[in-house]
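Spelled out, the chains give:
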Amino acid sequence: MAPVTPHDPEMGTPAGLHRYTFADYLDLEDGSNVKHEFLGGEIYAMAGGTRAHAALSMAIGAALLSQLRGGPCHVYSSDLRVRVLETGLATYPDVTVVCGEPQSDPESAETTTNPRVVVEVLSPSTIDYDRGRKLAHYKRIPSLRAVVLVWPRERRIELHQR
């Protein structure tokens, strides 16, 4: 497999860039210590987060865990891969809530397709993508009831819900 060239998903496919299958992507993820996002035959290296980003993600996850404990919903960290079956996007939200029985991607038992809530802590380098195209992909998940976008440098939360 050709090496992955990280670039901005907003920019589209540069001429001559190799197009990958979801199986190629899964093979890469299995052998990588870096997380990647998959969309439209392209694989994007995900940037590492800051200490503030990690702390905020953990605080949100802990608050949700406390509220949902004992119920039918489970809270997951950014290690849970979510796939939008309708569009093919595979990504790792900062926090994911799945209610009821988790449904797996037909090609990957470790990839969830039925989140109820996803939380993204925004980064300056990805804010436009997260609030634009990525949000549009998330909205195509039938089970999804809310997308929560969190600004790490200001007291601001944006809620998109059904």
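Residue numbering note: each chain is counted from 1, following its sequence as written. Under the rules for a predicted model, residues below a pLDDT of 70 receive no local features and side-chain atom pairs below 80 are neither given nor counted, while totals for whole chains, interfaces and linings still include all residues. The basis for the side-chain values is all heavy atoms of the structure; hydrogens and waters are excluded.

A. Inspection of the overall build of the protein chain at higher detail. Under the DSSP-based scheme used, a helix requires at least four consecutive residues in state H or I and a strand at least two consecutive residues in state E, with every element numbered from the N terminus. The number of helices and strands found in the protein chain is four helices and 11 strands. We call a residue buried when its accessible area falls under 20% of the maximum for its residue type, exposed when it is over 50%, and partly exposed in between, using a 1.4 Å probe and counting protein chains only. For the protein chain, the residues scored as buried account for 41% of the 162 residues in total. Sequence separation of at least 24 residues holds for 53% of the intrachain contacts in the protein chain that already meet a minimum separation of 6. Note on areas: these come from Shrake-Rupley sampling with a 1.4 Å probe, and a residue is covered only by the protein chains present in the view. When the accessible surface of the protein chain is summed, it comes to about 9000 Å², and 53% of that surface belongs to carbon and sulfur atoms. When checking whether two residues touch, look at their non-hydrogen atoms; a contact exists if any pair is within 4.5 Å.

B. Focus on the sheet that holds strand β11 (residues 156–161). Two strands form a pair only when DSSP identifies at least two bridges running between them. Taking strand neighbours across the sheet as the criterion, the five strands line up as β3-β6-β9-β10-β11 in an open arrangement whose pairing is mixed. Because the sheet does not close on itself, it has two edges, and the strands there are β3 (73–76) and β11. Each neighbouring strand pair of the sheet contributes to a mean axis angle of 15°, computed without reference to strand direction. Relative to strand β9 (residues 117–121), strand β6 (residues 95–99) runs antiparallel, the two being bridged by three bridges. Opposite V97, over in β9, you have V117 as the bridge partner. Interaxial angles span 0 to 180 degrees and are taken between N-to-C directions of axes, which are lines fitted to C-alpha atoms, for helices over the stretch in contact.

C. Representation of the nonpolar core. Buried residues of nine kinds, namely Ala, Val, Leu, Ile, Met, Phe, Trp, Tyr and Cys, make up a nonpolar core once their side-chain atoms join them within 4.5 Å. In this structure, Y138, I141, L144 and V147 are the most contacted members of the largest nonpolar core, which totals 15 residues. Residue assignment for this core shows that the elements contributing at least two residues are α4 (133–138) and β10 (146–151). A total of three residues in this core trace back to one element, the largest contributor, which is β10. Discounting chain neighbours no more than four positions away, the residues touching V147 are V118, L135, Y138, E158, L159 and H160. Of all hydrophobic cores here, the second largest spans 12 residues; its members include C73, V97, V148 and V150.

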